[in-house]
Amino acid sequence: MMDKYAKGVSWNFFSGIIITGLLALQFARWFVLPHFMDIYYHLLTAQGFIQAGGYSGWDFWQYAPVGRPHIYPPFFHLALAGLMQAGLSPVILAKLCEALIPVILLAVLWKFIKDNYSQQLAFFVVLLFFSSVSFYLSLLSHIPASLAFIFGILSLSQLFKKRLLRSAILLSLVFYTHIGISLFFALTFLIYGLLNKELRKRAIGVLITALILALPIIIKELSVFKFIRTFGFSLHEKYLCQIKILESILALIGLFQALKKGREYRLFAAIFLASLIFIIYPYRFLSAEGYFPVILLGAFCLSNLYQKINRRYFIPVIAVFIFLVSPTFSMYKEVRETKVDYRIKFFDTTFLNLLLARSGIFWFPQEYISAANMVEANSAPQDITYCTLNFLGLTISSIAGRPSANALLPEIKKAEDFNPFASSKIIVFTRIDDAQAVEAAVKRLNLVKVGENKFFLVYKNTACQARAGVVKASVPFGAIICIAALFLFIFWQAARLEGFLDKFIKNI
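Residues numbered from 1 in each chain as written. Predicted model: local features only at pLDDT ≥ 70, side-chain atom pairs only at ≥ 80, totals over all residues. Heavy atoms only, no water.

Caption draft 1: Representation of the sheet that holds strand E7 (residues 385-387) within the structure. Taken in spatial order, the four strands of this open sheet run E7-E8-E10-E9, and their pairing is mixed. Of all strands in the sheet, those with a lone pairing partner are E7 and strand E9 (448-452), marking the two edges. Within the sheet, the average angular offset between the axes of one strand and its neighbour, ignoring direction, is 25 degrees. Across four bridges, the pairing between E9 and strand E10 (residues 456-460) is antiparallel. Note that in E10 the partner of Glu452 across the bridge is Leu457. Each of E7, strand E8 (426-430), E9 and E10 touches helix H19 (residues 365-377); the most contacted strand, E10, lies at about 5 degrees to it. (Pairing = 2+ DSSP bridges. Helix = DSSP H or I, 4+ residues; strand = E, 2+ residues; numbered from the N terminus. Axes fitted to C-alpha atoms, helices over the stretch in contact; angles between N-to-C directions. Contact = heavy atoms within 4.5 Å.)

Caption draft 2: Looking closely at the packing of helix H14 (residues 266-274) against helix H16 (residues 292-309). Closest axis-to-axis distance for the H14/H16 pair is 9 Å, and the angle between their directions is 150 degrees. It follows from the interaxial angle that H14 and H16 lie roughly antiparallel. Crossing hand, H14 versus H16: left-handed. Side by side, H14 and H16 meet where Phe268, Ala269, Ile271 and Phe272 of the first sit next to Phe292, Pro293, Leu296, Leu297 and Phe300 of the second. Considering only residue class, the contact of H14 with H16 consists of nine nonpolar, no polar and no charged. (Parallel < 35°, antiparallel > 145°, perpendicular 65-115°, else oblique. Left-handed = near helix turned anticlockwise from the far one by under 90°. Nonpolar A, V, L, I, M, F, W, Y, C, P; charged D, E, K, R; others polar.)

Caption draft 3: Highlighting the nonpolar core. Ranked by size, the top nonpolar core spans 138 residues in total, and within it Ile113, Phe124 and Phe268 carry the most contacts. Top contributing element to this core by residue count: helix H5 (residues 90-116), with 13 residues. Here Phe124 is in contact with Trp11, Ala299, Leu302, Ser303, Tyr306, Phe314 and Ile315, once residues within four sequence places are set aside. The next biggest cluster of nonpolar side chains, apart from the first, holds 19 residues, and it includes Tyr386, Phe421, Ala441 and Val442. (Core = buried A, V, L, I, M, F, W, Y, C linked by side-chain atoms within 4.5 Å. Buried < 20%, exposed > 50% of the residue type's maximum accessible area, 1.4 Å probe, protein only.)

Caption draft 4: Structural context of H16. Compared with an ideal rise of 1.5 Å per residue, which puts 18 residues at 26 Å, H16 spans 26 Å between its outermost C-alpha atoms and is within 8% of the ideal. Positioned one or two residues after H16, Asn310 has a phi angle of 50 degrees, which is positive. (Expected span 1.5 Å × (residues − 1).)

Caption draft 5: Just the packing of aromatic side chains, in detail. As enumerated under the stated definition, the model contains 40 aromatic pairs in all. Relative to Phe314, the ring of Phe124 lies with its centre 6.3 Å away and its plane at 70 degrees, an arrangement referred to as edge-to-face. Within this pair, whereas Phe124 is found in helix H6 (residues 119-129), its partner Phe314 is found in helix H17 (residues 314-325), the two being separated by 190 residues in sequence. Phe314 shares its class with Phe124; the two are buried. Chaining the aromatic ring pairs together yields one cluster made of Phe112, Tyr117, Phe160, Tyr192, Tyr265, Phe268 and Phe300. Above the plane of the ring of Trp110 lies Lys114, whose end atom (NZ or CZ) is 5.3 Å from the centre. Just above the ring of Tyr63 sits the side chain of Lys414; from NZ or CZ to the centre is 5.1 Å. (Phe/Tyr/Trp six-rings, centres within 6.5 Å; stacked < 30°, edge-to-face > 60°. Lys NZ or Arg CZ within 6 Å of the ring centre and 35° of its normal.)

Caption draft 6: Main features of the environment of His142. The residue His142 is located in the loop between helix H7 (133-141) and helix H8 (143-160) in this model. As for His142 and Glu289, which are separated by 147 residues in sequence, their C-alpha atoms are 9.2 Å apart. Sequence-distant contacts of His142, that is, excluding residues within four places in its chain, are made with Asp38, Arg284 and Glu289.

Caption draft 7: Main features of unusual backbone geometry. The omega torsion across Ala64 and Pro65 is 10 degrees, close enough to zero to call that bond cis. Within the secondary structure layout, Pro65 lies in the loop between strand E2 (58-59) and strand E3 (68-69). Positioned with a positive phi, Asn446 is a non-glycine residue whose angle comes to about 55 degrees. In this fold, Asn446 is placed in the loop between helix H22 (435-445) and E9. Taking the relative accessible area as the measure of exposure, Asn446 reaches 56% and is therefore exposed.

Caption draft 8: Expanded view of the side chain of Thr349. In this fold, Thr349 is placed in the loop between strand E6 (341-345) and helix H18 (350-355). There is a polar contact of 3.2 Å between the side chain of Thr349 and the backbone nitrogen of Leu352. For Thr349, the contacting residues outside a window of four places in its chain are Phe130, Ser131, Val133, Ile322, Phe323, Leu324, Val325 and Ser326. (Polar contact = N/O pair within 3.5 Å; in protein donor to acceptor, adjacent residues only side chain to side chain.)

None of this, on its own, says anything about what the molecule does.
Here you go:
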């Protein structure tokens, strides 16, 4: 049996079992997906693109009727818009994205490590992928970030294969998918080039080419920078950090080992250094996207440790610990509280979270869909909806296909102040709202109740004349299809075009 491990025969088999298990557990939770609210922002944005006839640089579907600049990279929303126009319902799309994209990311990461390092290291990467509940939940919550990770890893894979043009195209797609992850991978390529002399020109050449390809979206983002009013330090999250104790220790050891070993292993150190870009979002740096290098470096340490110990019991002991026991150190504070609490929680693993369905459920189809049906039945397509609980406002609006006076991404300012009650044809109160405040608003605005369910009270503001104005697309769908076809053609013919890029890189 040890011979099989040594030859790498069984590593792929066990990695495949874990990946397949994650996929099965994801689909076992189909009826409680979508798990997070962020997906409704993306669905509503896709609907806005459909109304605009393509990519719109103005977000008229949130903070309606005043709107705000649309800064989010468009790749994911354009993909959603295409699938919605093909007939897929928003709810099914939300479920599919949360079920599939984290598993695809794991499979792509496993293949990259297996092909470029070893099957053994790839197995430990897959194993540690299950260690942090916070990281796993971030993959579900931040779907475009997860998708950008996939493009970034594929870009690194093409760099290792010396397919530089394809690497640059894939890296440029990261810029068109997520702002933070694009900065992360740009720094990864730059730092890795500085740490690895053999690949320096190639890595930096790919980065420069990708930046040129991504210039349109970079210019757009910089042009509306004045509308950004806050960064991650100002966002209020319950958990200040959730640190995996053992995994973080292993990662620290792995970082020193990676710097000492061959140049190709310095990629892991480059990824760690690049992850410091997330520090403006402390929770995400320590517990979400910033946990990615912890997985790689921790797995590298475990792989080295296994080679030294070379004992049959090592794998099952580590697997049981990571799947079941792995403790988490948490710093958190309750809503409206200033006191910070600390605790160490055992049995806090992704596997147990999925198996026992520990995470809170946010998808209540009967209440959400019935509320959306009330909204749709009592409003026209450009009539505005507002909910007193912000994130549920986007949920209901995206299902009903109506613009919203609510908004996610509070970092981006609205164009001007406005009264969401007076501007909305439909106002949705929640059962947890103060009853006296609801009654006062109903009397002040002469609202008419059109329905209710276990969660919501839905009212119509018959006096409201405000409507969301559709802003025509700055890049219509026809042009987007042509650009996508050109990208695909260049990617397909990349081998013939590599010579031009090679000459460019040699002259850097």
